[in-house]
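# Observations on chain architecture
Each chain, written out:
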There are 2 protein chains.
Amino acid sequence: MSSPASTHRLILKMLKEKQGAYVSGALLAGRLGLTRTGIWKNIRTLRSMGYDIQSHPKEGYRLVSLPDLLLPDEILPELKTAWLGRSYHYFPQIGSTNDHALALAAAGAPHGSAVCAEEQTSGRGRLRREWISSPRLGIYLSILLRTPLPVQEAFQATYILALSLVKVLRGKYGLPGAIKWPNDILIGPRKVGGILTEMQSDQDFTRFLVIGIGINVNHTKEDLAGPFRYPATSLAIERGDPVARRELLITFLERLESDYDTFYSRGFSTFLADLEQFSGILGKYITIVSGKEEKRGKALRFTPEGALILGRDDGTEEAVWVGDVTRVEGTF
Amino acid sequence: MSSPASTHRLILKMLKEKQGAYVSGALLAGRLGLTRTGIWKNIRTLRSMGYDIQSHPKEGYRLVSLPDLLLPDEILPELKTAWLGRSYHYFPQIGSTNDHALALAAAGAPHGSAVCAEEQTSGRGRLRREWISSPRLGIYLSILLRTPLPVQEAFQATYILALSLVKVLRGKYGLPGAIKWPNDILIGPRKVGGILTEMQSDQDFTRFLVIGIGINVNHTKEDLAGPFRYPATSLAIERGDPVARRELLITFLERLESDYDTFYSRGFSTFLADLEQFSGILGKYITIVSGKEEKRGKALRFTPEGALILGRDDGTEEAVWVGDVTRVEGTF
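Residues numbered from 1 in each chain as written. Chains lettered and ligands numbered in written order. Predicted model: local features only at pLDDT ≥ 70, side-chain atom pairs only at ≥ 80, totals over all residues.

## Observations regarding the overall build of chain A
The helix and strand inventory of chain A stands at nine helices and 14 strands. The dimensions of chain A, computed from C-alpha atoms along their principal axes, are 80 × 40 × 30 Å. Split into buried and exposed, the 332 residues of chain A put 43% on the buried side. Taking the intrachain contacts of chain A between residues at least 6 apart in sequence as the baseline, contacts between residues at least 24 apart amount to 62%. (Helix = DSSP H or I, 4+ residues; strand = E, 2+ residues; numbered from the N terminus. Buried ≥ 20, exposed ≤ 12 C-beta atoms within 10 Å, placed from the backbone. Contact = placed C-beta atoms within 7 Å.)

Here it is as structure tokens:
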């Protein structure tokens, strides 16, 4: 006996094998030991998940197109990772993927658990800012990392995610991604993604990190016309063509698992050259707001721990760990 | 009509007013509108809470002695604080006060909430070490702090608690308390208290801190004969006399509220002189274990942010943020 959940998976598998050709309802019913009404109910389930399935009174059923949805059935069979995303929590709509991942963390979910949603209704950005999450256009992903990191260095994990995304943008999509310190991803002067890191720790080490990333993928210029703090863009706008979110998500998770393993075993300094190469602010004159303080200076380089060295007008230098770049010379 | 909880409080208040003299059961019953059996049930409740109440067939009831327990009824009427401990959660026995405070934090408990227990059955020290919590001999307290602190500087709050305790030990009890960096409180070479800080944060600021403190108060040498990592002592051992835990707790909470307000409004540097004055390691040759690394050198001073400056044999200096002092020259 198949459970209902695995029955629709088996039907989907048979439809996919036919590559768009019809499969008769009788064949499906015979193979799965179901009535034709049972098959019909499962087809209805698949349609409600977003699969475009055509039915024909004589020919049966055929899969017209795969939905570009981040469904477990579309992600997990393709995903070649050892630990990242193996526990995959999918939501057509959710309040905030980070909130859900924090709750999973408290409930004991394993290292590498991923929460992925087609839409967030109360997505949060850094410093409790709102993050716009349009349905089925972006990727809204939070991952749970249980590797203990010294509290002082936990922010390095944010850079690792940002670098993984930049490398995927450059390598797979030919887009000049860059990091706006500390947690935004730009293409040119426009923001294409943002990262929100949350954690629980004792005074020495993190217990867990939840890192959320939002990526604008198939948004049009009209979708992004809202009153944003910075001009926004998407992969589709930059490439002039829609992008399969499924492929982007899988590629990103695989890249990130590899990068994070390297970071955790060999340390952050391994990524220092990448950070400097892909920084969107080095060499520029910037304004950083950190709490009530405002700091201005030239972004010179990063320390091996990842702090930003700011060169002041009087020639002195300062290492900045926390802050928010509000202006980059001539750009915003 | 009085609720049962407030009825025993009213009886206790009447007994206390008599300062050890008898109050007749008839008087209590008349005042509170209860039967004499109702009074008897409430007396039984008070006894089960630790109050020593004598009964006499003709005279009635008298309060022989106040228990040295950290009951809300013994703490809250005396406690002169604005926010610290105003929400006070008391347990005769609990697994871990920090775990309970973390759960309260998640449930939205207010800034300054305190969790206090007579005994912990699975008390935790730093780096997941066990912390021995003997029943009714020590103070096992966790407090919830909701003031946002930069993640990099959150450890400063641990110092503030340590300094408050050291000042109470010195000021009220005449004991030469000192801080063994970063989170132990010593009297001479022996440990009298330890602090465990836990927090939830985003990459910039803490959402909340839970700081737990364990203090050995009325332990005898026999109580502390266990196989500890460091030699242990208690206030009673050092003074040669038991100490009222109630008074110690109230004095500590009042001192801490004042110190924490100063810290939060004026910054950590206000406490730098205190930290150096009451440090048990400055000027000494120490070994610090931090993760897999072992660092040796002379503890020279603290930075204004509270990092320890270690002077190496080759004359170079290093700022240490995280670690565990495993040896102090000639002491352990």
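## Considerations on the relation of the copies chain A and chain B
Expressed as a screw transformation, the operator carrying chain A onto chain B has a rotation angle of 180° and an axial translation of 0.0 Å, and the superposed copies differ by an RMSD of 0.1 Å. A rotation of that kind, with that shift, is consistent with a two-fold axis. When C-alpha distances to the rotation axis are compared across chain A, the minimum falls at Gln200(A), with a value of 2.1 Å. A high fraction, 100%, of the interface residues of chain A reappear at the interface in chain B, so the copies pair face to face through one surface. (Least-squares fit on C-alpha atoms with pLDDT ≥ 70 in both.)

## Focus: helix H5 (residues 97-106) of chain A
All names here are of chain A. Burial within H5 is extensive, with seven of its ten residues counted as buried. Residues of H5 that are buried: Thr97, Asn98, His100, Ala101, Leu102, Leu104 and Ala105. Buried residues along H5 sit against strand S3 (88-91), strand S4 (114-117), strand S5 (138-145), strand S8 (190-202) and strand S9 (206-216). Two residues or fewer past H5, Gly108 is found with a positive phi of approximately 95°.

## Things to note about the sheet that holds strand S10 (residues 285-290) of chain A
Residues and elements named next belong to chain A. As summarised here, the arrangement of the five strands in space is S13-S12-S11-S10-S14, forming an open sheet in which the pairing is antiparallel. Of all the strands in the sheet, just strand S13 (317-320) and strand S14 (324-328) have a single pairing partner and so form its edges. When strand polarity is set aside, the average angle formed by the axes of neighbouring strands in this sheet is 45°. As defined by bridge partners, S10 adjoins S14 across four bridges and the pair is classed as antiparallel. When the sheet's bridge partners are listed, Val289 is paired in S14 with Asp324. (Pairing = 2+ DSSP bridges. Axes fitted to C-alpha atoms, helices over the stretch in contact; angles between N-to-C directions.)

## Considering the domain arrangement of chain A
Domain parsing of chain A yields domain 1 (4-65), domain 2 (72-277) and domain 3 (285-328). Spacing between the C-alpha centres of domain 1 of chain A and domain 3 of chain A amounts to 58 Å. (Domains from an automatic or database assignment.)

## Some thoughts on the packing of helix H6 (residues 156-171) of chain A against helix H8 (residues 245-266) of chain A
Between two packed helices, what matters for the description is the angle formed by their axes and the separation of those axes. Residue and element names in this part refer to chain A. As a packed pair, H6 and H8 sit with axes 9 Å apart at the nearest point and diverge in direction by 135°. Overall, the two elements H6 and H8 adopt an arrangement that is oblique. With respect to the hand of their crossing, H6 and H8 are arranged in right-handed fashion. Counted together, Ile160, Leu161, Leu163, Ser164, Leu165, Lys167 and Val168 of H6 and Thr251, Phe252, Arg255, Leu256, Asp259, Tyr260 and Phe263 of H8 form the full contact between these two elements. Its residues assigned to classes, the contact of H6 with H8 comprises nine nonpolar, two polar and three charged. (Parallel < 35°, antiparallel > 145°, perpendicular 65-115°, else oblique. Left-handed = near helix turned anticlockwise from the far one by under 90°. Nonpolar A, V, L, I, M, F, W, Y, C, P; charged D, E, K, R; others polar.)

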